[in-house]
Amino acid sequence: MSEAKIKVNDNGSLLLTGSFEVVDADGDTFETKKAVSLCRCGESANKPFCDGTHKKIGFESTPRADKE
């Protein structure tokens with residue numbers, strides 16, 4: 001599998017692709033697919049996964065990596 005990649009979507013979720021596992025605080029693994037979107041707004045009813053609530057509540061965040 002490919003290396004894990006996390007894309008920070010403007011005003012939305014974190015998109016994980018590649019080889020990864022999502023585990024809870026107890027170390028139990030969530031069932032996932034080849035790509036998942038994780039909630040960044042904190043309002044999803046399906047945490048830790050995104051359910052699109054960020055659009056309804058007007059979540060805004062557009063961080064950018066420093067370019068050197």
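Small disclaimer: the values here were computed from a predicted structure and weren't measured. (Residues numbered from 1 in each chain as written. Predicted model: local features only at pLDDT ≥ 70, side-chain atom pairs only at ≥ 80, totals over all residues. Heavy atoms only, no water.)

Enquirer: Report on the nonpolar core, specifying residues and quantitative values.
Expert: L16, F20, V22, V36, L38 and F49 together form the largest nonpolar core, which totals six residues. The residues contacting F49, other than those within four sequence positions of it, are F30, E31, T32, V36, S37, L38, C39 and S44. (Core = buried A, V, L, I, M, F, W, Y, C linked by side-chain atoms within 4.5 Å. Buried < 20%, exposed > 50% of the residue type's maximum accessible area, 1.4 Å probe, protein only. Contact = heavy atoms within 4.5 Å.)

Enquirer: So what about the sheet that holds strand β2 (residues 14–17)? Which residues, and what values?
Expert: The antiparallel open sheet is built from three strands, whose spatial order is β1-β2-β3. The open sheet has two edge strands with one neighbour each: β1 (5–8) and β3 (35–38). On average, adjacent strands in this sheet sit at an angle of 20° to one another, irrespective of strand direction. Examined bridge by bridge, β2 and β3 share four bridges and lie antiparallel to one another. Bridged to L14 within β3 is L38. (Pairing = 2+ DSSP bridges. Helix = DSSP H or I, 4+ residues; strand = E, 2+ residues; numbered from the N terminus. Axes fitted to C-alpha atoms, helices over the stretch in contact; angles between N-to-C directions.)

Enquirer: For the pattern of salt bridges, give the residues involved together with the corresponding values.
Expert: Pairs can form between side chains of opposite charge once their charged atoms are near each other. Applying the stated rule across the entire model yields one salt bridge. In this structure, R64 engages D10 in a salt bridge whose closest nitrogen and oxygen atoms are separated by 2.7 Å. In this pair, R64 is assigned in the segment after α1 (53–57) and D10 in the loop between β1 and β2, connecting sequence segments 54 residues apart. (Salt bridge = Lys/Arg side-chain N within 4 Å of Asp/Glu carboxyl O.)

Enquirer: Mind laying out the packing of aromatic side chains, listing which residues take part and the relevant values?
Expert: Counting across every chain of the model gives one aromatic pair. Relative to F49, the ring of F30 lies with its centre 5.6 Å away and its plane at 90°, an arrangement referred to as edge-to-face. Taken together, the residues span a long stretch of sequence, with F30 in the loop between β2 and β3 and F49 in the loop between β3 and α1 at a distance of 19 residues. On the basis of relative accessible area, F30 is assigned to the partly exposed category, the value being 29%. (Phe/Tyr/Trp six-rings, centres within 6.5 Å; stacked < 30°, edge-to-face > 60°.)

Enquirer: Break down the environment of F20 for me, citing the residues and quoting the values.
Expert: Mapping F20 onto the fold places it in the loop between β2 and β3. On a C-alpha basis, the gap between F20 and V36 in space is 9.9 Å, while along the polypeptide they are 16 residues apart.

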